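Summary of the model geometry
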Amino acid sequence: MTKGLVKQVGIRRALAADAGALNQIRSETPGPFAPTRELGRHLAEPAVYTYLAEDEVPFGFVTVGPDTDLEHVGLGEIREWFVSTTYQQRGYGRKLLVHGLSVLRRRMCDSALIWLPVEVTRTLDVLLQHGFKTYPAQRLVNVGELSSTEQAYLKDLSDYF
């Protein structure tokens, strides 16, 4: 990158045509989330919103929607949250998180839930800095031959924006 030249980064709603690029980010990025659905299905689900961050190409995304496990009224869920390794530690993950939380709040959610593998620490630090609190729920997620225990974290959105 040329000195003084800043890349323009945008966040926009993902389209069905973006599914391939987002699946690529998901597969190449060691992330805390176990993919539970093919992204093409996420993009087609009503009340589920995926936003991507891009410069010349997409490099991160967040998917939010109604919660999938606890089924409380007014509870939204951050279902996936990925940033390509080369773009990490630049604040883009935080921007995507805030964007996802804003979408949930605009969709009349009073709180946001996120599931995080118990062994993940860096992502947990970001969540705690944004006001998430440990929620008394865990689940076991199996993806292929691997399994992971995930802890739930909750953020009150009643005063968010």
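Structural data are supplied above this passage.
In this report, the structure presented in the accompanying data block is examined. (Residues numbered from 1 in each chain as written. Predicted model: local features only at pLDDT ≥ 70, side-chain atom pairs only at ≥ 80, totals over all residues. Heavy atoms only, no water.)

**Structural notes on the overall build of the protein chain**
Within the protein chain, the secondary structure is distributed over four helices and seven strands. When its helices and strands are written in sequence order, the protein chain yields β-α-α-β-β-β-α-β-α-β-β. Taking all 161 residues of the protein chain together, the buried fraction comes to 47%. Within the protein chain, contacts between residues at least 6 apart in sequence are counted, and of these 62% link residues at least 24 apart. (Helix = DSSP H or I, 4+ residues; strand = E, 2+ residues; numbered from the N terminus. Buried < 20%, exposed > 50% of the residue type's maximum accessible area, 1.4 Å probe, protein only. Contact = heavy atoms within 4.5 Å.)

**Section: the nonpolar core**
Membership of the largest hydrophobic core comes to 28 residues, with the highest contact counts inside it found for Ile-78, Trp-81, Leu-97, Leu-101 and Phe-132. Secondary-structure elements contributing two or more residues to this core are strand S2 (49-54), strand S3 (58-66), strand S4 (75-83), helix H3 (92-106), strand S5 (111-117) and helix H4 (122-129). For this core, the element with the most residues is H3, which contributes six residues. In this view, Leu-101 contacts Ile-78, Ala-112, Phe-132, Lys-155, Leu-157 and Tyr-160; residues no more than four positions away in its chain are not counted. In this structure, Ala-19, Ile-25, Leu-52 and Phe-61 belong to the second largest nonpolar core, which totals nine residues. (Core = buried A, V, L, I, M, F, W, Y, C linked by side-chain atoms within 4.5 Å.)

**Focus: the packing of aromatic side chains**
What the rule picks out here adds up to four aromatic pairs. The rings of Phe-59, Tyr-87 and Tyr-92 are connected pair by pair, giving a single aromatic cluster. (Phe/Tyr/Trp six-rings, centres within 6.5 Å; stacked < 30°, edge-to-face > 60°.)

**Some points on H4**
Among the residues making up H4, those that are buried are Thr-123, Leu-124, Val-126 and Leu-127. Summarising the axial view, the buried residues of H4 lie within an arc of 160°, below the 170-degree limit, and thus occupy one face. Backbone geometry just downstream of H4 places Gly-131 in the positive-phi region, at approximately 90°. (Arc of directions from axis to C-beta.)

**Re the sheet that holds strand S6 (residues 133-143)**
Strand pairing in a sheet takes place through backbone hydrogen bonds and is either antiparallel or parallel in direction. Pairing in this open sheet of seven strands is mixed, and the strands run S1-S2-S3-S4-S5-S7-S6 from one edge to the other. With partners counted over all chains shown, the strands left at the sheet margins are strand S1 (10-13) and S6, one partner each. Taken pair by pair, the neighbouring strands of this sheet meet at an average axis angle of 25°, ignoring direction. Pairing analysis gives seven bridges linking S3 to S4, with the strands arranged antiparallel. Across the sheet, Gly-60 pairs through a bridge with Val-83, a residue of S4. Contacts from helix H1 (residues 19-28) reach S2, S3 and S4, with the element oriented near 95° to S3. Along the sheet, H3 contacts S1, S2, S3, S4, S5 and strand S7 (146-156); its crossing angle with S4, the most-contacted strand, is approximately 155°. (Pairing = 2+ DSSP bridges. Axes fitted to C-alpha atoms, helices over the stretch in contact; angles between N-to-C directions.)

**Here we look at the environment of Gly-74**
With respect to the element layout, Gly-74 can be found in the loop between S3 and S4. A relative accessible area of 18% places Gly-74 in the buried class. Excluding residues within four positions of it along the chain, Gly-74 makes contact with Met-108, Cys-109, Asp-110 and Ser-111.

**Regarding the pattern of salt bridges**
Here the structure, examined in full by the defined rule, presents six salt bridges. Of the charged contacts in the structure, one is a salt bridge between Arg-26 and Glu-80, with a shortest N-O distance of 2.6 Å. Of the two residues, Arg-26 sits in helix H1 while Glu-80 sits in strand S4, which places them 54 residues apart along the sequence. On the basis of relative accessibility, which here comes to 0%, the residue Glu-80 falls in the buried class. Three or more residues are tied together by salt bridges with common partners; here these are Arg-12, Asp-18 and Glu-54. (Salt bridge = Lys/Arg side-chain N within 4 Å of Asp/Glu carboxyl O.)

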